[in-house]
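Structural features, examined
Given next are the chains, with one letter for each unit.
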Amino acid sequence: MKKQQWFTISVYSENNVGLLNRISGIFLKRHINIESLNVSKSEIDGVSKFTIVVHTTEKWVRNIVGQIEKQIEVIKAFYHTDEETIYQESALFKIASNLLFDERQIQNIIKDNNSQIVTVAREFFVIAKSGRRNEIDDMYEQLKPYGIMQFVRSGRISVSKDIMQITGLLKEFYEEA
């Protein structure tokens with residue numbers, strides 16, 4: 001059996017209704033779970049970038065990228081291993097305000113994790129942390145004994161280490177159209 005590993009799939013597309021549903025259907029048919037999903041504008045005006053994280057084999061990810069590229073609105077799709085990308089996630093932790101002053105360890109956790117307090121209210125404060133998934137998971141485990149009122153994590157954002165010629169590809173695409 002081939003080795004499973006983490007892959008980041010980048011999909012450049014026109015921003016059309018229904019595309020996300022069709023892309024998720026490609027994963028559903030193959031019983032591959034999407035671990036993280038982020039959609040944003042890209043470096044090209046009018047073009048969206050989907051960043052999708054999956055844990056599978058290279059054979060399956062290559063097949064999936066091929067199926068994604070068959071979607072009419074998709075301009076180009078790529079896949080990369082974690083070693084080939086620079087990536088981050090963000091998280092927000094909502095914690096009871098009294099802990100900020102009563103538990104010195106909370107301040108140490110914030111400092112040691114290079115996180116920051118983004119808001120303080122009478123009943124709660126919110127900590128923001130950016131980093132790799134395992135760094136956010138570690139901070140979660142450190143804060144858990146004190147009580148986390150709410151927690152949310154973003155999808156992965158990622159850029160490739162190699163120079164991506166997507167701008168040139170997109171210019172060619174739009175000149176042909």
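Residues numbered from 1 in each chain as written. Predicted model: local features only at pLDDT ≥ 70, side-chain atom pairs only at ≥ 80, totals over all residues. Heavy atoms only, no water.

- As recorded in an unreviewed UniProt entry, the chain goes by Acetolactate synthase small subunit and comes from Pseudozobellia thermophila.
- UniProt annotates the chain under Function (unreviewed entry) with the comment "Catalyzes the conversion of 2 pyruvate molecules into acetolactate in the first common step of the biosynthetic pathway of the branched-amino acids such as leucine, isoleucine, and valine." (UniProt positions renumbered as here; feature names shortened; annotations may be inferred.)

Description of the domain arrangement of the chain
- Entries for the chain in the domain assignment read domain 1 (4–86) and domain 2 (87–153).
- Taking only C-alpha atoms, the centre of domain 1 and the centre of domain 2 are 30 Å apart. (Domains from an automatic or database assignment.)

Description of helix α5 (residues 133–143)
- Here α5 has its buried residues at Ile136, Met139 and Leu143. Looking down the long axis of α5, one finds its buried residues gathered within 60° of arc, a one-sided arrangement.
- Packing partners of the buried residues in α5 comprise β5 (85–96), α4 (104–112), β7 (124–131) and β8 (150–153). (Buried < 20%, exposed > 50% of the residue type's maximum accessible area, 1.4 Å probe, protein only. Helix = DSSP H or I, 4+ residues; strand = E, 2+ residues; numbered from the N terminus. Arc of directions from axis to C-beta. Contact = heavy atoms within 4.5 Å.)

Observations concerning unusual backbone geometry
- In this structure, His31 takes a positive phi of about 55° despite not being glycine.
- Note on placement: His31 falls in the loop between α1 (19–29) and β2 (34–41).
- Judged by its relative accessible area of 74%, His31 is exposed.
- The phi angle at Asn114 is positive, at roughly 50°, despite the residue not being glycine.
- The exposure class assigned to Asn114 is exposed, which follows from its relative accessible area of 66%.

Re the side chain of Thr8
- Along the polypeptide, Thr8 turns up in strand β1 (residues 5–14).
- Non-local contacts of Thr8, meaning those with residues more than four positions away in its chain, are made with Thr51, Ile52, Val53, Phe78, Tyr79, His80, Asp82, Arg156 and Ser158.

Re the packing of aromatic side chains
- All told, the structure shown has four aromatic pairs when counted by the stated rule.
- Ring geometry for Tyr12 and Phe78: centres 6.3 Å apart, planes at 85°, overall edge-to-face. With Tyr12 in strand β1 and Phe78 in strand β4 (residues 74–81), this residue pair connects regions lying 66 residues apart in the sequence.
- Aromatic pair Tyr140 and Phe151: ring centres 5.0 Å apart, planes at 70°, arrangement edge-to-face. One end of the pair, Tyr140, is in helix α5; the other, Phe151, is in strand β8, and 11 residues separate them in sequence.
- Note on Tyr140: relative accessible area 27%, which makes it partly exposed. (Phe/Tyr/Trp six-rings, centres within 6.5 Å; stacked < 30°, edge-to-face > 60°.)

Comments concerning the pattern of salt bridges
- All told, the structure shown has seven salt bridges when counted by the stated rule.
- The salt bridge partner of Lys76 is Glu69, with a shortest N-O separation of 3.4 Å.
- For the salt bridge of Arg153 with Glu89, the shortest nitrogen-to-oxygen distance reads 3.5 Å. Taken as a pair, Arg153 in strand β8 and Glu89 in strand β5 lie far apart in primary sequence, 64 residues in all.
- Where salt bridges share partners, they join Glu89, Arg133, Asp137 and Arg153 into one cluster. (Salt bridge = Lys/Arg side-chain N within 4 Å of Asp/Glu carboxyl O.)

A closer look at the sheet that holds β4
- An order of β2-β3-β1-β4 is seen for the four strands of this open sheet, with the pairing classed as antiparallel. Either end of the sheet is taken by a strand with one partner, and the two such strands are β2 and β4. Strand-to-strand twist of the sheet, defined as the mean angle between neighbouring strand axes without regard to direction, takes the value 15°.
- Bridge analysis of β1 against β4 gives seven bridges, and the strand direction is antiparallel. (Pairing = 2+ DSSP bridges. Axes fitted to C-alpha atoms, helices over the stretch in contact; angles between N-to-C directions.)

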